[in-house]
Amino acid sequence: MALLNATDVRERYLRLRDEAGPEVTVVAATKYVPLEQLGVLAEAGVEVVGENRAQDLAAKHARYGDAFRWHFIGHLQSNKVKVVNPLCELVHSLDSESAARKLTVPALLEVNLSGEASKSGVAPESVGSWLERFPGIRGLMTMPPLADDPEASRPGFRRLAELARAHGLAELSMGTSQDWRVAVEEGATLIRVGSTLFG
Ligand SMILES: *Cc1c(COP(=O)(O)O)cnc(C)c1O
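The paragraphs below set out a description of the structure included in this document. As the structure is a prediction and not an experimental result, all values here were calculated from the model. (Residues numbered from 1 in each chain as written. Predicted model: local features only at pLDDT ≥ 70, side-chain atom pairs only at ≥ 80, totals over all residues. Heavy atoms only, no water.)

**Some remarks on the site of the ligand**
- Lining the immediate environment of the ligand, one finds Ala-29, Lys-31, Asn-52, Ile-73, Met-143, Thr-176, Ser-177, Arg-192, Val-193, Gly-194 and Ser-195.
- At a separation of 2.9 Å, an oxygen atom of the ligand approaches a polar side-chain atom of Lys-31.
- In the model, an oxygen atom of the ligand is placed 2.7 Å from a nitrogen or oxygen of the Asn-52 side chain.
- Protein contacts shield 83% of the accessible area of the ligand, which totals 380 Å² for the unbound molecule.
- Comparing atom positions with the cavity grids shows the ligand to sit within the largest pocket.
- Here the shell around the ligand is built from residues that sort into four nonpolar, five polar and two charged. (Near = heavy atom within 4 Å. Polar contact = N/O pair within 3.5 Å; in protein donor to acceptor, adjacent residues only side chain to side chain. Areas by Shrake-Rupley, 256 points an atom, 1.4 Å probe, with all protein chains shown as cover. 1 Å grid on protein atoms, 1.4 Å probe; cavity = no way out; pocket = protein on both sides within 12 Å on 5 of 7 lines; lining within 4 Å. Sits in = over half its atoms within 2 Å of the grid points. Nonpolar A, V, L, I, M, F, W, Y, C, P; charged D, E, K, R; others polar.)

**Focus on the layout of surface pockets**
- Computed from the structure, the largest pocket encloses a volume of approximately 800 Å³.
- Lining the largest pocket are 39 residues; nearest its centre among them are Lys-31, Met-143, Pro-144, Thr-176 and Arg-192.
- For the lining of the largest pocket, the elements supplying multiple residues, two or more each, are helix H7 (154–166), strand S8 (190–193) and helix H9 (195–198).
- Among the elements that take part in the lining of the largest pocket, H7 stands out by supplying three residues, more than any other. (Points joined across faces, edges and corners; volume = space filled by probe spheres on them. Helix = DSSP H or I, 4+ residues; strand = E, 2+ residues; numbered from the N terminus.)

**Digging into the nonpolar core**
- Ranked by internal contacts, the top residues of the largest apolar core, which has 59 residues, are Leu-41, Leu-103 and Leu-140.
- Setting aside chain neighbours within four positions, we find Leu-103 in contact with Leu-76, Val-81, Val-84, Asn-85, Val-91 and Leu-94.
- The next biggest cluster of nonpolar side chains, apart from the first, holds six residues, and it includes Val-27, Val-48, Leu-90 and Leu-190. (Core = buried A, V, L, I, M, F, W, Y, C linked by side-chain atoms within 4.5 Å. Buried < 20%, exposed > 50% of the residue type's maximum accessible area, 1.4 Å probe, protein only. Contact = heavy atoms within 4.5 Å.)

**So, the pairing of strand S1 (residues 25–29)**
- In terms of residue burial, S1 counts as a mostly covered element, since four of its five residues are buried.
- Strand direction decides the pairing type here: S1 and S8, joined by four bridges, are parallel. By the bridge assignment for S8, Ala-28 is matched with Val-193.
- Sheet topology places S1 next to strand S2 (residues 48–51); two bridges connect them, and they run parallel. When the bridges of S2 are listed, Ala-28 appears paired with Val-49.
- In this view, the connection linking S1 to its parallel neighbour S2 by way of helix H2 (residues 38–43) has right-handed handedness. (Pairing = 2+ DSSP bridges. Right-handed = clockwise from strand over helix to strand, strands pointing away.)

Take a look at the structure:
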């Protein structure tokens with residue numbers, strides 16, 4: 001990743017926030033931002049960062065703990081929950097029962113809408129039983145299959161929003177650099193953006 005510049009990141013971040021609107025939390029997906037450069041994001045005014053790996057989360061939090069609110073957006077293994085618990089305010093990507101049993105922070109359930117076995121996430125039909133077992137779940141998250149056209153994500157986002165509504169869940173984490181506008185139109189309350197912020 002090229003060296004980040006706080007002025008450029010601030011400009012992109014403010015434009016994104018402005019377009020997404022005040023109801024939407026912009027989570028900067030920082031998996032490709034090296035530890036040494038994360039300070040640039042704080043300087044740029046970024047408030048919430050999302051990390052994919054517990055190890056990176058721990059290292060980055062140790063250095064910049066107070067500068068951000070920390071979310072976890074990657075696949076969460078149960079043996080990593082103890083790292084995440086004291087550091088994060090929200091886990092977006094819960095899909096393991098053993099992790100759910102140990103988790104003490106609020107979480108969103110990751111739903112696999114495409115049915116591809118290679119994808120993380122639980123089946124849409126199982127959302128109800130997850131909520132019965134784990135009442136701490138605040139909402140749903142999904143990661144659509146890669147596509148060139150952001151419109152390709154719309155049916156999945158709409159379906160996720162309907163599922164959340166049907167279960168009385170308030171939070172919807174959907175949309176990345178490529179399709180966040182469509183996600184916001186379909187009711188996203190959190191968007192997870194990396195490349196479009198960092199250029
Ligand atoms: C990397 C990542 C994102 C952001 O993707 P961009 O295309 O860089 O915006 C969002 N969600 C998850 C789970 C990610 O791993």
